[in-house]
Amino acid sequence: MAEQVLLNNRRAMPRLGLGLWGPRDGRETLVAVEAALEAGYRLFDSASAYHNEKSLGQALRASSLKRNEYFLVGKIWNDDQGFHGPKEAIKRSLEALGLEYFDLYLIHWPTRASLDTWRAFQELRDLGLTRSIGVANFSPEQLKDLIEATKVKPQVWQMEIHPLRARPDLSPIATELGIELMAYSPLARGRLKKNQIIGRIAQSLERSFSQIILRWAWQRGLSLIPKSIRPERIQENARIFDFELSKEQMLAINRLDQGQSVLKPPFVFDEAGYVLSSLK
Ligand SMILES: NC(=O)c1ccc[n+]([C@@H]2O[C@H](COP(=O)([O-])OP(=O)(O)OC[C@H]3O[C@@H](n4cnc5c(N)ncnc54)[C@H](OP(=O)(O)O)[C@@H]3O)[C@@H](O)[C@H]2O)c1
């Protein structure tokens, strides 16, 4: 279905995937993953903090695809960070999934232990527990500090990006560093359903609001991982390759940017934006 991008370690990654924050372990996750596989999704964005690895693994293992025909993303939670935590954390996740390796393993949030986590991530890659590594929610400064201190570049940088929080500053940095930028919460968690600008564009192209928003991210060159638990929406979100937004339509959506996050992380940050404390 969707095209792939070549990461800076020469491994290919599909640019469209299914987000898995939200579906409950069990039927909800099984249905969503089966529908996504059927619709042609080949990337799955999971995390230990999403508490549905068991069913995700079950659905992937039950599919007719070989392990190298889909791309699995995982994330280490804050409490497991540091030099010694990652190996145990990734093994725990893989055991829940019933799989041998992740294609991409991310630091979920930056903490003061992330430098040590990142050093430990090299070993996870060497051991074959993950093929690629990356970070999520790192500011440009935090990302640059990480690379400077360790001389090791992430393959992927996952950030909250959607029309209400467009982050045009990030793409040039990612391009310069040779790191793939992946947009999470690309649908702004439904906040744009009633937006008139998106609505008018959707009407003129006979598309849904979500297809317009996802196409906007696609044309910006981002990887994206929309989430839905409903098969019809999962299919709809993957039908964004047979139409194009004009330059004017792209600009009109760019103008919706308010720098507004749709997330409410359940923790406190220190003055440099590192997570201080977190709830499980
Ligand atoms: N690294 C991080 O810290 C981080 C943080 C947040 C998210 N993420 C990842 O990014 C993924 C996506 O982000 P998200 O879950 O926050 O939000 P999102 O994908 O922006 O939006 C999901 C919401 O939109 C609805 N929706 C999906 N498709 C729709 C459609 N076609 N029409 C109408 N409504 C639709 C879903 O409802 P239904 O499910 O009911 O359809 C859900 O309420 C997550 O699942 C997760 O994998 C990562």
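Here the structure is shown first, and the text comes after it.
First, a word on scope: everything that follows refers to the structure included in this document.

1. Quick word on the overall build of the chain
Moving on, step 1. If you tally the helices and strands in the chain, you get 10 helices and 12 strands.
Moving on, step 2. A compact globule built from 280 residues should have a C-alpha radius of gyration of about 19 Å, and the chain, at 18 Å, falls within 12% of that.
Moving on, step 3. C-alpha extents for the chain along the principal axes are approximately 55 × 45 × 35 Å.
Moving on, step 4. Out of the 280 residues in the chain, the part that is buried amounts to 44%.
Moving on, step 5. Put simply, 75% of the contacts in the chain that link residues at least 6 apart link residues at least 24 apart.

2. Details of the sheet that holds strand E6 (residues 102-107)
Moving on, step 1. Here eight strands make up an open sheet; going across it, the order is E3-E4-E5-E6-E7-E8-E9-E10 and the pairing parallel. Because the sheet does not close on itself, it has two edges, and the strands there are strand E3 (18-19) and strand E10 (223-224).
Moving on, step 2. Inspection of the sheet shows strand E4 (residues 43-45) paired to strand E5 (residues 71-76) by three bridges, in the parallel sense. Paired with Phe-44 across the strands is Leu-72, a residue of E5.
Moving on, step 3. Packing of helix H6 (residues 170-177) onto the sheet brings it into contact with strand E8 (156-160) and strand E9 (180-184), and relative to E9 it is tilted by some 145 degrees.

3. Section: the site of the ligand
Moving on, step 1. In the region of the ligand, 27 residues are neighbours, and Gly-19, Trp-21, Tyr-184, Leu-187 and Lys-227 sit closest.
Moving on, step 2. Of the residues forming the shell around the ligand, the biggest block, three residues, is contributed by helix H9 (residues 231-238).
Moving on, step 3. Considered class by class, the residues forming the shell around the ligand number 10 nonpolar, 11 polar and six charged.

4. Regarding the pairing of E8
Moving on, step 1. Taken across its five residues, E8 has four buried, putting it largely inside the fold.
Moving on, step 2. In terms of strand pairing, strand E7 (residues 130-136) meets E8 through three bridges, oriented parallel. Considered in E8, the bridge of Ala-136 is made with Gln-158.
Moving on, step 3. Crossover connection from E7 via helix H5 (residues 140-150) to parallel E8: handedness right-handed.
Moving on, step 4. One ladder, built from five bridges, connects E8 with E9; its direction is parallel.

5. Description of helix H3 (residues 85-97)
Moving on, step 1. For H3, spanning 13 residues, the distance from its first C-alpha to its last is 19 Å, which sits close to the expected 18 Å at 1.5 Å a residue.
Moving on, step 2. Every buried residue of H3 is listed here: Pro-86, Ala-89, Ile-90, Ser-93, Leu-94 and Leu-97. Looking straight down H3, one finds its buried side chains confined to an arc of 130 degrees; they lie on one side. Counted as exposed and oriented over 90 degrees from the buried face of H3: Glu-88 and Glu-95.
Moving on, step 3. Against helix H2 (53-62), E5, E6, helix H4 (114-126) and E7 lie the buried residues of H3.

6. Side note on the packing of H4 against H5
Moving on, step 1. Direction vectors running N to C along H4 and H5 enclose 55 degrees, while the axes themselves pass 10 Å from each other. By the criterion of interaxial angle, the relationship of H4 to H5 is oblique. When you trace H4 past H5, the crossing you get is right-handed. When H4 is examined against H5, the residues Ser-114, Leu-115, Trp-118 and Arg-119 are found in contact with a partner set consisting of Leu-146, Ala-149 and Thr-150.
Moving on, step 2. Partitioned by chemical class, the residues of the contact of H4 with H5 number four nonpolar, two polar and one charged.

7. Thoughts on H9
Moving on, step 1. Among all positions of H9, only Ile-234, Asn-237 and Ala-238 are buried. Taken around the axis of H9, the buried residues stretch over an arc of 100 degrees, which confines them to a single face.
Moving on, step 2. For H9, the elements touching its buried residues are E3, helix H1 (27-39) and helix H8 (209-219).

8. Focus on unusual backbone geometry
Peptide bonds are trans in most cases, and residues, glycine excluded, mostly fall at negative phi.
Moving on, step 1. Positioned with a positive phi, Lys-151 is a non-glycine residue whose angle comes to about 60 degrees.
Moving on, step 2. Looking at the element boundaries, Lys-151 is found in the loop between H5 and E8.
Moving on, step 3. A positive phi angle, close to 45 degrees, is found at Arg-167, a residue other than glycine.
Moving on, step 4. In this fold, Arg-167 is placed in the loop between E8 and H6.

9. Some points on the nonpolar core
Moving on, step 1. Formed by 74 residues in total, the largest nonpolar core has its most connected members in Leu-18, Val-33, Tyr-105, Trp-157, Met-182, Ala-217 and Leu-224.
Moving on, step 2. Among the elements that take part in this core, H8 stands out by supplying six residues, more than any other.
Moving on, step 3. If we skip the residues at most four places from it in the chain, Val-33 touches Leu-18, Phe-44, Leu-56, Ala-59 and Leu-60.

10. Points about the packing of H2 against H3
Moving on, step 1. Two elements in contact, H2 and H3, have axes whose closest approach is 7 Å; the angle formed by their N-to-C orientations is 50 degrees. When the interaxial angle is binned, H2 and H3 end up oblique. Between H2 and H3, the residues in contact are Glu-53, Lys-54, Leu-56 and Gly-57 and Ser-93, Ala-96 and Leu-97, respectively.
Moving on, step 2. For the contact of H2 with H3, the per-class residue count stands at three nonpolar, two polar and two charged.

Each value, and the rule that gives it
Residues numbered from 1 in each chain as written. Predicted model: local features only at pLDDT ≥ 70, side-chain atom pairs only at ≥ 80, totals over all residues. Helix = DSSP H or I, 4+ residues; strand = E, 2+ residues; numbered from the N terminus. Rg over C-alpha atoms; globule rule 2.2 N^0.38 Å. Buried ≥ 20, exposed ≤ 12 C-beta atoms within 10 Å, placed from the backbone. Contact = placed C-beta atoms within 7 Å. Pairing = 2+ DSSP bridges. Axes fitted to C-alpha atoms, helices over the stretch in contact; angles between N-to-C directions. Near = placed C-beta within 6 Å. Nonpolar A, V, L, I, M, F, W, Y, C, P; charged D, E, K, R; others polar. Right-handed = clockwise from strand over helix to strand, strands pointing away. Expected span 1.5 Å × (residues − 1). Arc of directions from axis to C-beta. Parallel < 35°, antiparallel > 145°, perpendicular 65-115°, else oblique. Left-handed = near helix turned anticlockwise from the far one by under 90°. Core = buried A, V, L, I, M, F, W, Y, C linked by C-beta atoms within 7 Å.

So far we have only geometry, and geometry alone does not tell us how the molecule works.
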